[in-house]
Amino acid sequence: MIRINNGEETNASFPAADLTPLLDVVFIVMVFLLFTANAQTLSLPVNLPEASREQAEVTHEPKTLTVSILSEGKPWAVSEERYDSFEAFTAALLSEVKAEPDTTVLVAGDEEAPLGNLVKLMMFLSENDITAAQVLMEDA
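Residues numbered from 1 in each chain as written. Predicted model: local features only at pLDDT ≥ 70, side-chain atom pairs only at ≥ 80, totals over all residues. Heavy atoms only, no water.

With that settled, the discussion passes to the overall build of the protein chain. When you go through the protein chain residue by residue, the secondary structure sums to 3 helices and 5 strands. Intrachain contacts of the protein chain at a sequence separation of at least 6 include 58% that bridge at least 24 residues. Element-wise, carbon and sulfur atoms account for 56% of the exposed surface of the protein chain, whose accessible area totals about 12,000 Å². (Helix = DSSP H or I, 4+ residues; strand = E, 2+ residues; numbered from the N terminus. Contact = heavy atoms within 4.5 Å. Areas by Shrake-Rupley, 256 points an atom, 1.4 Å probe, with all protein chains shown as cover.)

Below, the structure is given as structure tokens:
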């Protein structure tokens, strides 16, 4: 235990906190950090198979479909095709999604486009169980 003597011959003790448990904990943490800081991971040598370019299987990128909400002119667009009415737009969107069910739908909205159009589109996607939708945004 750490004691502080005040130099006088009196039996009065100095009212200070006992630092022994604190120092014990600090030393234990230091030892733990020293043992774990330089721990090397062991790995077994593995011979990986080699394949030529002709044998390599081509990976396919997931198909994406961009849906745009615009502020001027025709407000709806599927890929590059613009639509005046929401009904024609949704029919084209459904036909594209049903042609390839694993399509990821990307929603790109114009900054000046009405929020109601985005809500209307999200409700349509929800009603038709189109769950793979992402909203495109630009970093500020």
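Across its 14 residues, helix α2 (residues 86-99) extends 20 Å between first and last C-alpha, which sits within 8% of the 20 Å expected from 1.5 Å per residue. Those residues of α2 hidden inside the fold are in contact with β1 (64-69), β2 (76-78), β3 (81-83), β4 (104-109) and α3 (115-127). (Expected span 1.5 Å × (residues − 1).)

What follows concerns the sheet that holds β3. Pairing in this open sheet of 5 strands is mixed, and the strands run β3-β2-β1-β4-β5 from one edge to the other. Looking at strand neighbours, the two that pair on one side only are β3 and β5 (133-136), the edges of this open sheet. Taking the axes of each pair of neighbouring strands and ignoring which way they run, one obtains an average angle of 25 degrees across the sheet. Across 4 bridges, β4 lies against β5 in parallel orientation. The residue bridging V107 from the neighbouring strand is V135, located in β5. (Pairing = 2+ DSSP bridges. Axes fitted to C-alpha atoms, helices over the stretch in contact; angles between N-to-C directions.)

Moving on to the nonpolar core. Ranked by size, the top nonpolar core spans 18 residues in total, and within it W76, F89, L93, L121 and L125 carry the most contacts. Of all the elements in the fold, those that place two or more residues in this core are β1, β2, α2, β4 and α3. If you tally residues by element for this core, the top one is α2, at 5 residues. Setting aside residues no more than four positions away along its own chain, W76 makes contact with S68, I69, E81, R82, Y83, D84, S85, F86, F89, N117, K120 and L121. (Core = buried A, V, L, I, M, F, W, Y, C linked by side-chain atoms within 4.5 Å. Buried < 20%, exposed > 50% of the residue type's maximum accessible area, 1.4 Å probe, protein only.)

Here, UniProt's "transmembrane region" (unreviewed entry) annotation points to residues 19-37. For residues 19-37, the end-to-end C-alpha separation is 27 Å, with 95% helix and 0% strand making up the annotated structure. (UniProt positions renumbered as here; feature names shortened; annotations may be inferred.)

What follows is about the environment of V67. Within the secondary structure layout, V67 lies in strand β1. The exposure class of V67 is buried, given its relative accessible area of 0%. Residues V67 and V135, 68 residues apart in the sequence, show an inter-C-alpha distance of 9.5 Å. If sequence neighbours within four positions are ignored, V67 has contacts with A77, F89, L93, V105, L106, V107, A108 and L121.

Attention now goes to the packing of α2 against α3. Two elements in contact, α2 and α3, have axes whose closest approach is 12 Å; the angle formed by their N-to-C orientations is 40 degrees. It follows from the interaxial angle that α2 and α3 lie oblique. In terms of crossing hand, the pair formed by α2 and α3 is right-handed. Two secondary-structure elements touch here, α2 through F86, F89, T90, L93 and L94 and α3 through K120, L121, F124 and L125. (Parallel < 35°, antiparallel > 145°, perpendicular 65-115°, else oblique. Left-handed = near helix turned anticlockwise from the far one by under 90°.)

As a further point, take the environment of Y83. Checked against the element boundaries, Y83 lands in strand β3. Sequence separation of Y83 and G73 is 10 residues, and the distance between their C-alpha atoms is 9.3 Å.

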